[in-house]
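This is what each chain is made of:
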Amino acid sequence: MKWMQEQSKYENAVYVALWGLLFAVPLLSLYVRSTGDSEFVFNWEEVWMVWRHFTVYLLLFLIHNFLLAPLFIYRNRRWLYAVLTLCLIGLFTVYQCNNHPEHMRRHHHPMEQRGPRPMDPGDMDRGFDHQPPPEFREQQMDKKPPVFIGEKDIVAIVVVILMCGMNLGIKLYFRTRNDHKKLMALEKENLEQQLEYLRYQINPHFFMNTLNNIHALVDIDPEKAKDTILELSKMMRFVLYEGDKKGVPLSREFDFILNYITLMKLRYTDKVKISVDLPTEAPDKLIPPLMLITFIENAFKHGISYQHDSFIDVKAEIKHEQLCFQCRNSKADKPNEEKGGVGLQNVKQRLNLLYDNNYTLNIKDEADVYNVELTIPLNS
């Protein structure tokens, strides 16, 4: 059945363990009694008697677990579940009240079949004040109206209700657990799709800026433009083979940054002071590809002035299994008003998706200096 397939193997294991422990209780009880009393005889009749009662509860549990509880948990048909469960408890009540010892004794007492005891002549001598014989008292007790439900019956009904409630609680727990797993899987799939979309945005945006630089050099210095194309080919190789990966070695990312800065230096004069401080030996850690280049792109795009001295400082260091990256640049007199801003928005979204709250990004936009400080954890 489909409902049985929805029940996980872990849930079934819980039920098997609980019922197995319950059926083992009478055996353990007799074993403890036998160890404390050397004359005690292990009586299987007591075990079978207890097991017969447990079997009735087990049958009720199976009906509730596989037929009734799924209506409430998986089908959301609560009224139908409530009606059927009340009917099940009602049938059990009728069964329980018609099978307890008092009821059985009243219906099957041997005195009812033998009839009244013949009068003994000595009865007249004993007088009317004498206590009646036991057989007569039993007959009079049988004539009392039967009690339909007793204390033990009420306890049994409460046990059934608690058993159904426990069954619902376990099912709700595993249903919530499975829903949480499915939600996490959907969120992970959505995360991967968003990252894939953001990576597809990076490449066109990056190459657009780089080709604009090459275009500017073609008229100014054709030889430098040729060198720029060679540097661009190196970066294209990195973007082509490494840009679609989830993580690249830190050393490869640093090489890419150096190639990009080398390319950009060909375009500017000595008025632009470019300082790069990257670790010469990077640890064997991974970083999302093209994560840092966006800040450096913005520094060249918005921080270079052709009339005044300008500077760009790029620094990275490893501290306590974290990458600490800083990019400072001067601000141009007339900042580039080109619309877009895809790069910075892109990297912020990627940081949120990849690291959640486990990173720090501080951007200080002052009058003359634009400063970016980023700290992210490093993975092996």
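Quick caveat, the model's predicted, so the values are computed rather than measured.

Undergrad: Tell me what's going on with the side chain of Asn 329, and back it up with residues and numbers.
TA: Among the secondary structure elements, Asn 329 is positioned in strand β5 (residues 322-330). Of the residues examined, Asn 329 reaches a relative accessible area of 3% and is grouped as buried. In contact with Asn 329, other than residues within four places in its own chain, are Ala 299, Gly 303, Phe 311, Ile 312, Asp 368, Val 369 and Tyr 370.

Undergrad: Report on the packing of helix α11 (residues 250-265) against helix α12 (residues 293-302), specifying residues and quantitative values.
TA: Between α11 and α12, the shortest axis-to-axis distance is 11 Å and the interhelical angle comes to 15 degrees. Put simply, α11 runs roughly parallel to α12. When you trace α11 past α12, the crossing you get is right-handed. Across from Phe 256, Ile 257, Tyr 260, Ile 261 and Met 264 in α11, the residues of α12 making contact are Ile 293, Ile 296, Glu 297 and Phe 300.

Undergrad: Describe in detail the pairing of strand β7 (residues 369-377), supporting the description with residues and values.
TA: The buried count for β7 comes to seven of nine residues, which makes it a mostly enclosed element. Two strands pair when backbone bridges link them, and β5 and β7 are joined in this way by nine bridges, in the antiparallel orientation. Each residue of the ladder has a partner; that of Leu 323, found in β7, is Ile 376. Summarising the sheet, strand β6 (residues 360-365) and β7 pair through six bridges and their orientation is antiparallel.

Undergrad: So, helix α4 (residues 78-97): which residues are in play, and what are the values?
TA: The terminal C-alpha atoms of α4 lie 28 Å apart, and with 20 residues this matches the ideal 28 Å at 1.5 Å per residue to within 8%. For α4, every residue scored as buried is listed here: Tyr 81, Thr 85, Leu 88, Ile 89, Phe 92, Thr 93, Gln 96 and Cys 97. Take α4 and look down its axis: the buried residues cluster within an arc of 155 degrees, on one side only. For α4, the exposed residues set more than 90 degrees away from the buried face come down to Trp 79 and Leu 91.

Undergrad: Kindly report on the sheet that holds strand β4 (residues 310-319), identifying the contributing residues and their values.
TA: Hydrogen bonding along the main chain pairs the strands of a sheet, whether they run parallel or antiparallel. What the five strands build is an open sheet, ordered β2-β4-β5-β7-β6; its pairing is mixed. Each edge of the sheet is formed by a strand with only one pairing partner; in this case those strands are β2 (272-277) and β6. When the angles between neighbouring strand axes are averaged without regard to direction, this sheet yields 5 degrees. Where β4 meets β5, eight bridges bridge the pair, whose relative direction is antiparallel. Residue pairing for β5: Asp 313 is matched across the bridge by Arg 328. Packing against the sheet, α11 makes contact with β2, β4 and β5, and its axis sits at approximately 170 degrees to β2. Each of β2, β4, β5, β6 and β7 is contacted by α12, which is oriented at about 5 degrees to β5, the strand it contacts most.

Undergrad: Can you lay out the packing of aromatic side chains for me, pointing to particular residues and giving the numbers?
TA: Within this structure, the stated rule accounts for twelve aromatic pairs. Ring geometry for Trp 19 against Phe 61: centres 5.5 Å apart, planes inclined by 55 degrees, an arrangement best described as tilted. Taken together, the residues span a long stretch of sequence, with Trp 19 in helix α2 (residues 9-36) and Phe 61 in helix α3 (residues 44-73) at a distance of 42 residues. Note on Trp 19: relative accessible area 12%, which makes it buried. With a centroid separation of 6.3 Å and 35 degrees between ring planes, the pair formed by Trp 44 and Trp 48 is classed as tilted. Of this pair, Trp 44 and Trp 48 both sit in helix α3, four residues apart, which is roughly one turn of the helix. Among the residues examined, Trp 44 registers a relative accessible area of 43% and is labelled partly exposed. Of the residues examined, Trp 48 reaches a relative accessible area of 44% and is grouped as partly exposed.

Undergrad: Pulling in residues and values, what's your account of the environment of Tyr 355?
TA: Along the polypeptide, Tyr 355 turns up in helix α13 (residues 342-355). Remark: the alpha-carbon pair of Tyr 355 and Ile 376, spanning 21 residues in sequence, is separated by 7.8 Å. Every residue in contact with Tyr 355, bar those within four places of it in the chain, is listed here: Pro 288, Ile 376 and Pro 377.

Undergrad: Let's hear about the confidence of the model for the protein chain: which residues, and what values?
TA: Within the protein chain, residue pLDDT values average 76, and 74% of them lie at 70 or more. Least confident of the elements in the protein chain is helix α6 (residues 110-114), whose mean pLDDT is 46; most confident is β5, at 94. Contacts of residues 104-115 to residues separated by more than four positions or lying in other chains number 16 contacts, the stretch itself having pLDDT below 50. Confidence drops under a pLDDT of 50 for residues 121-129, and excluding neighbours within four residues, the segment shows one contact in the predicted structure.

Quick notes on the rules
Per chain, residues are indexed from 1 in the order of the written sequence. Local features in a predicted model are, by the rule used here, given only for residues with pLDDT of at least 70; side-chain atom pairs are given and counted only at 80 or more, and totals for whole chains, interfaces and linings are based on all residues. In computing side-chain properties, one takes all heavy atoms of the structure into account and sets aside hydrogens as well as water. The helix count covers DSSP runs of H or I at least four residues long, the strand count covers runs of E at least two residues long, and both are numbered beginning at the N terminus. With a 1.4 Å probe rolled over the protein chains alone, any residue whose accessible area is under 20% of its type maximum counts as buried; one over 50% counts as exposed, and the rest are partly exposed. Two residues qualify as a contact provided that any one of their heavy atoms is within 4.5 Å of a heavy atom in the partner residue. Throughout, an axis means a line fitted to C-alpha atoms (over the contacting stretch in the case of helices), and angles, computed between N-to-C directions, take values from 0 to 180 degrees. Any angle that is under 35 degrees is reported as roughly parallel, and any over 145 degrees as roughly antiparallel; angles of 65 to 115 degrees are reported as roughly perpendicular and all others as oblique. By convention, the crossing between two helices is left-handed when the near helix turns anticlockwise from the far helix through less than a right angle, and right-handed when the turn is clockwise. Pairing between strands is defined by DSSP: at least two bridges between the two strands are required. Take the number of residues in a helix, subtract one, and multiply by 1.5 Å to get its expected span. Directions drawn from the helix axis to the C-beta atoms are what define this arc. Stacked, tilted and edge-to-face pairs are distinguished by plane angle, under 30 degrees for stacked and over 60 for edge-to-face with tilted covering the rest, among Phe, Tyr and Trp rings (Trp via its six-membered ring) whose centres lie within 6.5 Å. The pLDDT score gives, residue by residue, the confidence of the prediction method on a 0 to 100 scale.

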